[in-house]
Structures are given as C-alpha cells and as structure tokens.
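Now for the letters of each chain:
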Amino acid sequence: MTSKFEQFDNLHHTANIFVLPNVWNAKSALFFQQKDFPAIATSSAAVAESLGYEDGEQMPFNTYLFVIKRILATVQIPLSVDLEMGYASCAEDIYTNILELINLGVVGINLEDSIITHGTRSLQNALTFAKTLEAIKNRLGHDNLDLFINVRCDTYLLDVPNKQKETGQRARLYADSGADGLFLPCISEEEDIAAVVQATKLPLNVMQVPGLPDLDILRELGVKRVSMGPFLFNKVYENLSFVLLPA
C-alpha cells in the first residue's frame, strides 16, 4: 500500500501539473478534500493572520501545532506544512520541530533560505543554509524517516541582483544538499521559469501571483507544482465586505 509520503512525492513526478491549495484551518482543509484535491499545505501567513499574528514566525510554534493537529484530525489526504525558517535557529532545533510534525503525520515541509532580522528579510548565505539542509536530511536518513523538503528560495521574492543566476546556483547547491523540491515565490516571467527548470533537476514549485502564466504554459515550461499561497485566504476576507453591505 502506498504511504501518504509516497503519494505526495509522486505528485511531483508526473506529466501533469500539481495544484496545491494552501489552507489555514480544518474547515478550509476539509473543503479541498471534498473537492478531490490530492493533497493540501498550510500557509503560515494565512494561519498566523487567522489567529491575529503577523507572518514571519510571530505565531508560537505550539499554537501552529494545534492548528496542524486539527487539520490532520479532519482530513485523510497528505498534508505539507509551511515551516518558514524552521521556528528555530540551528539545525538540531529545527529537526526537533520536524520530528513533531512527522510524528503527527505531516509528509512535507517548506523551508525558507531567507531570515528576518529586526523586521527585515534577507537571504541567508547559500552555503550556510545548504549545511543546515544537509544536516536535516542526514538525520532523517539516520532515523529512517521520510519527509519531502521543498526549499523556498527567496531570490525572486526579494528581487535580488542577478536573481536568475543566483537562483540557478542556489538550486544546484540545494539539490546536492538533499532538497526534494524548489519553491520560487514571485517568479512569473516565462524566460525566468524556463531558465530555472533547465538549471535544476528538482521539481519546480511556483506561486499563483499576478502575471503568472496559465497552467498549460507552466506545464510546457516544466513546472511541477503550483501553490495558492495566502491569496485565497486574503480573498475570503476581502469578500466579507460584500456580505456586510446593506441589502
């Protein structure tokens, strides 16, 4: 029998594009299961904002775990968790948090290669992040545990100089360090997407930002996964204004 991890991993290696909805509570997770989506993922921003916190690990990890537990108790499809920067400052502590997620039944995570210092986000040194990633993958292997690690590379989100070249270099380094997928939020130009696909063997994950090509074009370019990010959550609450308008 195929495990949930294997189901999730396989979704990244087919001819079809994998659309992954991002949820923020058990109700939104159940909605997508009922609509026959094969898997779901949390959006850290959406979960945090739904509880009155700002994104960027301002939400306590135990609070996040409570939401994750409720989602897992409600649905049967695979769940990946947006772990942001790991909710810790070193590989050992990040791995402790990962173990909690695996023990709950989580099959994948997103892990960011940027950090937030005094409210400002910037890229980590690529080699430093790669060493953290490698240490985590080595521990997973030692403990005989399966987890899909989707590295969120923030070169396009932060619009860094020479971002196409920087992304290619980081993608190759992260693949060598054990990443299972590469997530590039805010990439949208066809030329840039094609260049990344050529530069890495990792399945590429993009986010549904304004200006992103349609799914058919993304499939032709070689994209394997498309995430909704926090945009669905934001849209739901924007639509409250229509509900509250007088008849």
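Below: a short report on this structure. Numbering of residues starts from 1 in every chain and runs along the sequence as written. For a predicted model such as this one, the threshold for reporting local features is a pLDDT of at least 70, and the threshold for listing and counting side-chain atom pairs is 80 or more; totals across whole chains, interfaces and linings nevertheless cover every residue. With hydrogens and water stripped out, all remaining heavy atoms of the structure feed into the side-chain values.

## Digging into the sheet that holds strand β5 (residues 108-112)
Here, a strand pair is defined by DSSP locating no fewer than two bridges between the strands. Secondary structure elements follow DSSP: runs of H or I no shorter than four residues count as helices, runs of E no shorter than two count as strands, and numbering proceeds from the N terminus. Spatially, nine strands are ordered β1-β11-β10-β9-β8-β5-β4-β3-β2 in an open sheet, and the strand pairing comes out parallel. Each end of this open sheet is capped by a strand with a single partner; those strands are β1 (18-20) and β2 (22-23). Sheet topology places β5 next to strand β8 (residues 148-152); five bridges connect them, and they run parallel. When the bridges of β8 are listed, E112 appears paired with R152. Residue contacts follow a heavy-atom distance rule, with two residues in contact if any of their heavy atoms lie within 4.5 Å. Between N-to-C directions, angles cover 0 to 180 degrees, with each direction set by a line fitted to C-alpha atoms, over the stretch in contact for helices. Strand contacts of helix α4 (residues 61-74): β2, β3 (40-42) and β4 (79-82), with the helix running at about 165 degrees to β4, the strand carrying the most contacts.

## Regarding the pairing of strand β6 (residues 114-117)
The pairing of β6 with strand β7 (residues 120-123) spans four bridges and is classified as antiparallel. Each bridged residue has a counterpart across the sheet, and for I116 the counterpart in β7 is R121. The antiparallel pairing of β6 with β7 creates a hairpin that spans two residues between the two strands, and H118 there sits at a positive phi of about 50 degrees.

## Quick word on the pattern of salt bridges
For side chains bearing opposite charge, pairing can occur when the charged atoms are close. The rule for a salt bridge is simple: a side-chain nitrogen of Lys or Arg has to be within 4 Å of a carboxyl oxygen of Asp or Glu. Going through the model one piece at a time under the given rule, you end up with twelve salt bridges. A salt bridge links E112 to R121; the shortest N-O distance between them is 2.8 Å. Two residues, D154 and R121, come together in a salt bridge whose shortest N-O distance is 3.7 Å. One end of the pair, D154, is in the loop between β8 and α7 (163-176); the other, R121, is in strand β7, and 33 residues separate them in sequence. Several salt bridges converge on common partners, so that one network encompasses E112, R121, R152 and D154.

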